[in-house]
Amino acid sequence: MVITTRSRRVSRSKLSNGAPAYLPGILLSLLLLSAAHGAHAQCEGKIDSVNTAAACTARHNAPSSRTEIDPSKSYRLEELIDIAETNNPSTRIAWEAAKQAAAGLGIARSDYFPHLAALALGGDQRVIEPWPKPLGAPRGYFLIELPVVETGVELRYNVYDFGRRGARVEASKALRLAAAALFQRTNQDVAFRVVTAYFNLITAQERLEASRQILKTAQTTQDAAEAALANGRSTLPDVLNARAATAQANYDLQASLGGVDSARVILRETIGIEPSDAILVEQPAALPLPTEVVESTASLVNSAMQQRPDLRAVSEKLRAAKAELKAAKSEYLPRIGFNAGAAQQAIWPSVNVHGSDPLGHANQTVWNVAMTASWTIFDGGLRRNEVRLADSKRREAQDEIVEKKDAIGREVWTSYIQFRTAVRQHEAAETLLSAASTSYDASLEAYNYGVKNLVDLVTAENQLAQARLAVVQSRSAVRIDASNLDYTTGNMLRQQPPVAQPAVKKP
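Below, the structure is looked at part by part.

Rules used in this analysis
Residues numbered from 1 in each chain as written. Predicted model: local features only at pLDDT ≥ 70, side-chain atom pairs only at ≥ 80, totals over all residues. Heavy atoms only, no water. Helix = DSSP H or I, 4+ residues; strand = E, 2+ residues; numbered from the N terminus. Buried < 20%, exposed > 50% of the residue type's maximum accessible area, 1.4 Å probe, protein only. Contact = heavy atoms within 4.5 Å. Areas by Shrake-Rupley, 256 points an atom, 1.4 Å probe, with all protein chains shown as cover. Axes fitted to C-alpha atoms, helices over the stretch in contact; angles between N-to-C directions. Parallel < 35°, antiparallel > 145°, perpendicular 65-115°, else oblique. Left-handed = near helix turned anticlockwise from the far one by under 90°. Nonpolar A, V, L, I, M, F, W, Y, C, P; charged D, E, K, R; others polar. Phe/Tyr/Trp six-rings, centres within 6.5 Å; stacked < 30°, edge-to-face > 60°.

**A closer look at the overall build of the chain**
And step 1. Within the chain one finds 10 helices and 13 strands.
And step 2. Relative to its full complement of 507 residues, the chain shows a buried share of 42%.
And step 3. For the chain, contacts bridging at least 24 residues in sequence account for 81% of all contacts bridging at least 6.
And step 4. When the accessible surface of the chain is summed, it comes to about 26,200 Å², and 56% of that surface belongs to carbon and sulfur atoms.

**Concerning the packing of helix 7 (residues 297-307) against helix 9 (residues 382-448)**
And step 1. Taken N-terminus to C-terminus, the directions of helix 7 and helix 9 make an angle of 135°; their axes are 9 Å apart at the nearest point. Between helix 7 and helix 9, the angle is such that the two are oblique. When the axes of helix 7 and helix 9 are compared, the crossing they make is right-handed. From helix 7, Thr-297, Leu-300, Val-301, Ala-304 and Met-305 reach across to helix 9, where they touch Lys-405, Ile-408, Gly-409, Val-412, Trp-413 and Tyr-416.
And step 2. Within the contact of helix 7 with helix 9, the residues separate by chemical class into 8 nonpolar, 2 polar and 1 charged.

**Comments concerning the packing of aromatic side chains**
And step 1. Under the counting rule described, the total for this entry stands at 5 aromatic pairs.
And step 2. Ring geometry for Trp-131 versus Phe-142: centroids 6.0 Å apart, planes at 40°, classification tilted. On the criterion of sequence distance, the pair formed by Trp-131 in the loop between strand 5 (126-130) and strand 6 (141-145) and Phe-142 in strand 6 is long-range, its members being 11 residues apart.
And step 3. The interplanar angle of 65° and the centroid separation of 4.6 Å between the aromatic rings of Tyr-160 and Phe-162 together place this pair among those described as edge-to-face.
And step 4. Taking relative accessible area as the criterion, Tyr-160 reaches 43% and is therefore assigned partly exposed.

Below you can see the structure in the form of structure tokens.
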């Protein structure tokens, strides 16, 4: 393996040949790319950008039913991601939050339109109206009854408010995009957990196959010890030691069987299905492992700053805070409005005077039109504290951006180092396996000829067993750390090549 310090490039100049049957690698990058093409994250269409995620969540509702698992079907990785994004409660919560933010934008925009209300009034009123007796009131007052029925409409329109509505709409737009970005990141979180659980299951299955190979090797050692005892070239304690090694290998095999079942339970739980071991997955194709990162670490960090939805969410939160501060400051300025109303009014007044009622019935159209200007002079510090609150939120969002950028840089560096280390360990494990296989074969042959004792053979056997398990574990680390690179850079579920690629062999 060659590490180029200048470009931070991890590459493999050579892939081992002649690996055992359980060692074929997979191209995790291609699997993740196919998952990105296949996973819709509960939406009709792709959510590879914040704008498309916002449009998707605004137009559609989260699926009302959950997807079940067919125990007899083998599922591909992209299918498991789709099921998880449909079933997982966190994606549904993020979906509803995005829909609420979209509704908030609609509410803010409604202030640009006039408000029209229908009015209906029906009632009866009885009042005492003082009146001088010389002018016709025998008792010094009139007792008036006024039944009325009125129907009409009222129009209210905010003509000008010195930027209040615009600021609130801008803040709502930013909050809508922030919610959509968090929805996108939630889907990436779920996808990464599914990828991890999927490859942990694959690793458990490969570990099971390695345990079977270890048991087979231990049985070979035991057979050789018993044959040597029969020929008088060994002792009973040697045979008993070999039998103990075989029993230990069988014990480890049973643990590996349980590990596969446990990994199936965890995978089902991860995708949001009732825990059980009734799930099958397709084995990934036998393609080379991703072992090369062509981009420099600085380029990866820069890509993460551009692609990470959670950073976009914090940036939109800052934009919303600035707009809310602008709206809070605009409260110090007046408002100009327009009010109008029209109605059909019918009244039947009556008064307590002798003779015919001097008040007549009326059924007429009435209306009113007015321009209003309002300016709050004193509010007990309400506006001042609203400005302080909005300004504090703005400073908080600025600090969150700094903190998030630092965290992203650290996560990208850490994931890159972990991937580079995993690649190195995998290459060392393959070398160790090749050396341990050769050592065991030579030790077995020497033992059969009586040149070495059983202790040497068992030692070589243990080294071979550890090498087999090391290959399985290191290959698992390469797979998961490669997907972690896509996750930390925000590249997961996007329509672009994965960060880690298989090394290209030079002719």
